[in-house]
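Structural overview for review
Chain residues, written in single-letter form:
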Amino acid sequence: MDAATLWQRYQDWLYYHEGLGFYLDISRMRFEDDLVATMQPRFECAFQAMAALEAGAIANPDEQRQVGHYWLRDPDLAPNADLKQEIVETLEEIASFTQKIHTGTLHPPQAPRFTDILSVGIGGSALGPQFVAAALAPTAPPMQIHFIDNTDPTGIDRVLTQLQDHLPSTLVLIISKSGGTPETRNGMVEVKAAFRDRHLDFADHAVAITGKGSSLDQIATTEGWLATFPMHDWVGGRTSELSAVGLLAASLQGIDISAMLAGAKEMDAATRVPELRHNPAALLAFAWYFAGNGRGEKDMVVLPYKDSLLLFSRYLQQLVMESLGKEKDLDGNIVHQGIAVYGNKGSTDQHAYVQQLREGVLNFFMTFIEVLADRQGPSVEVEPGVTSGDYLSGLLQGTRQALYENDRDSITVTIPQVTPRSVGALIALYERAVGLYGFLVNVNAYHQPGVEAGKKAAAAILDLQRQVMQVLQQTPTSLTLADLAERLAAPDQQETIYKILRHLQANQRGIKLEGNPGHPTSLKVSRA
Ligand SMILES: O=P(O)(O)OC[C@H]1O[C@](O)(CO)[C@@H](O)[C@@H]1O
């Protein structure tokens, strides 16, 4: 395509939202214009399905749940008065709790006010709050946030060590929709132990964000925690950033959550328009569909050219992959759908893997996230007439061009600045694009049956470990792996038993392994 044709294509496909100062450019995706007509019937169905979902239809058939994250930013859309009231009340409670915490009206027994937040959660109960904290927390926030988002003991120790002197003034948010996720439970137990070691009463510092009646909800009530905020049944983990999950932490950090909600609401209105060319989420879904032939054949590389948006690709990884990565479609056919997402930030990645993107295997399409404003205040010139921000902008444009010249397609999303409003809008944009794409390829974007298999297998391994310990405690002599497996009535589990033993030994858990660890059959195990 010559420069004039390309410029025309850019103008033809450019989407601009005046209120949000938001641009979307899909002109560098090499689809033919007639694909739009071909896709039209699918989009009509997708728009209808999305409208039904927003009106309160059961959109998650296996779990018989409504999908209502859109109501969070426009409670008037909630399908009944009770739901609307729940949303409004939660927002009021967040505002009043934040005020009490910031003014010190609610303070820990041993300090005049809370100084830090420790957020414990995983997946959708961590990624949104982490992304928003990195993107929007002021440089001197009223409270500093820290995260435990794993059951890695070293990771937990690191966070607790960083907090040490601040523990007496730390507010702990335990976030889990189900209230039973083991990693989050473990984080809570470890944090409780740290409080106990410092003779601090955990309940005076603890807040739960969880589903009504969950085991976490019950613990919080029984132990008399400071507060509990609801995680509604009709909000999925990966779309929960604009519920109490994300909003409480954001508000405590001094982030303008009303502006986040307003940005999301404005983007929701824009992405509700049932016309492909005038709906940025539909344009995104269309571009994804084209890129991967509706089968996810190409990975989505997301590069924000702004440090504060570093975690956006990680956030999107869950939103896109947990929603779309499905073995079966809604009719039960095996489809193995999904779109792989990865990315970090520009221009940093240009000095890492962009070499492969420019010249190597063509298994991806790019999404550039561009932020127009460089910084607040003036910039120094790093060369005559040129600033660091000019470099960042030039590198983005240059990379987009260089990739296109080598048949690498890209989408460019442009926002004016990183603000609560634009971040709210970005979240809403991708939530809707994922929902529409799910309808286009006929998968249930609102469940995650695949993650259960790993959880069940892990539970079985921990069960086997308990049995291993029991047998060893009752056995005075040493045993080979085969003997031990025999006694456990698990002769086909020798590899698992070997790995359990290796881990127990490395952590001085009361067992002795003798022999050559490189030759498992030579090993003998006994009580230490
Ligand atoms: O908020 P919960 O229930 O602890 O779940 C955390 C995450 O785990 C998952 O259920 C997957 O295992 C995600 O969908 C969810 O965001």
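Residues numbered from 1 in each chain as written. Predicted model: local features only at pLDDT ≥ 70, side-chain atom pairs only at ≥ 80, totals over all residues. Heavy atoms only, no water.

1. Structural notes on the overall build of the chain
Counting its secondary structure elements, the chain contains 17 helices and 16 strands. A globule of 528 residues ought to have a C-alpha radius of gyration of about 24 Å, and the chain, at 26 Å, matches this closely. On the principal axes, the C-alpha backbone points of the chain span a range of 85 × 60 × 55 Å. For the chain, the residues scored as buried account for 49% of the 528 residues in total. Restricting the contact set of the chain to residue pairs at least 6 apart, pairs at least 24 apart contribute 72%. (Helix = DSSP H or I, 4+ residues; strand = E, 2+ residues; numbered from the N terminus. Rg over C-alpha atoms; globule rule 2.2 N^0.38 Å. Buried < 20%, exposed > 50% of the residue type's maximum accessible area, 1.4 Å probe, protein only. Contact = heavy atoms within 4.5 Å.)

2. Some details on the UniProt feature "active site" (unreviewed entry) in the chain
Taking the UniProt record as the reference, the feature "active site" (unreviewed entry) is found at E322, H351 and K455. Across 134 residues in sequence, these annotated residues place their C-alpha atoms as far as 37.3 Å from one another, rather than forming a single compact spot. Not counting residues up to four positions away in its chain, the partners in contact with E322 are R238, Q317, H447, Q448 and V451. (UniProt positions renumbered as here; feature names shortened; annotations may be inferred.)

3. Topic: the site of the ligand
Near the ligand lie 14 residues; those nearest to it are S125, S176, K177, S178 and T181. Within the side chain of E322, one N or O atom sits 3.0 Å away from an oxygen atom of the ligand. For the ligand, whose accessible area on its own is 390 Å², the fraction buried by protein is 87%. Those elements that provide at least two residues to the shell around the ligand are helix 11 (312-324) and helix 15 (450-474). For the shell around the ligand, the per-class residue count stands at two nonpolar, nine polar and three charged. (Near = heavy atom within 4 Å. Polar contact = N/O pair within 3.5 Å; in protein donor to acceptor, adjacent residues only side chain to side chain. Areas by Shrake-Rupley, 256 points an atom, 1.4 Å probe, with all protein chains shown as cover. Nonpolar A, V, L, I, M, F, W, Y, C, P; charged D, E, K, R; others polar.)

4. Some points on unusual backbone geometry
If a residue is not glycine, its phi is most likely negative; likewise, a peptide bond is most likely trans. Residue S347 follows G346 across a cis peptide bond; omega there is 0°. Considering the arrangement of structural elements, one finds S347 in the loop between strand 11 (341-342) and helix 12 (354-359). Unlike most non-glycine residues, H199 shows phi in positive territory, near 55°. Residue position: H199 is located in the loop between helix 6 (182-197) and strand 8 (206-210). By relative accessible area, which is 70% here, H199 ends up exposed. Positive phi, close to 45°, is recorded for H336, a residue that is not glycine. Take H336: it is sitting in the loop between helix 11 and strand 11. Of the residues examined, H336 reaches a relative accessible area of 56% and is grouped as exposed.

5. Here's the deal with helix 15
In a regular helix each residue adds 1.5 Å, so 25 residues correspond to 36 Å; helix 15 covers 38 Å between its end C-alpha atoms and thus fits that length. Regarding helix 15, the residues found buried are L464, Q465, V468, V471 and L472. On its buried face, helix 15 is in contact with strand 14 (479-480), helix 16 (481-487), helix 17 (494-506), strand 15 (511-514) and strand 16 (524-527). (Expected span 1.5 Å × (residues − 1).)

6. Some words on the nonpolar core
By size, the foremost hydrophobic cluster in this structure holds 100 residues, and its most contacted members are I26, F131, W288, I411 and Y430. No other element matches the twelve residues that helix 14 (residues 420-440) contributes to this core. Two domains each provide a minimum of three residues to this core, namely domain 1 (3-66 + 259-447) and domain 2 (69-255). Beyond its immediate chain neighbours, meaning those up to four positions away, W288 contacts M300, I339, F365, I411, Y430, A433, V434 and Y437. If you look at the next biggest cluster of nonpolar residues, it comprises 22 residues, including L118, I148, I174 and F195. (Core = buried A, V, L, I, M, F, W, Y, C linked by side-chain atoms within 4.5 Å. Domains from an automatic or database assignment.)

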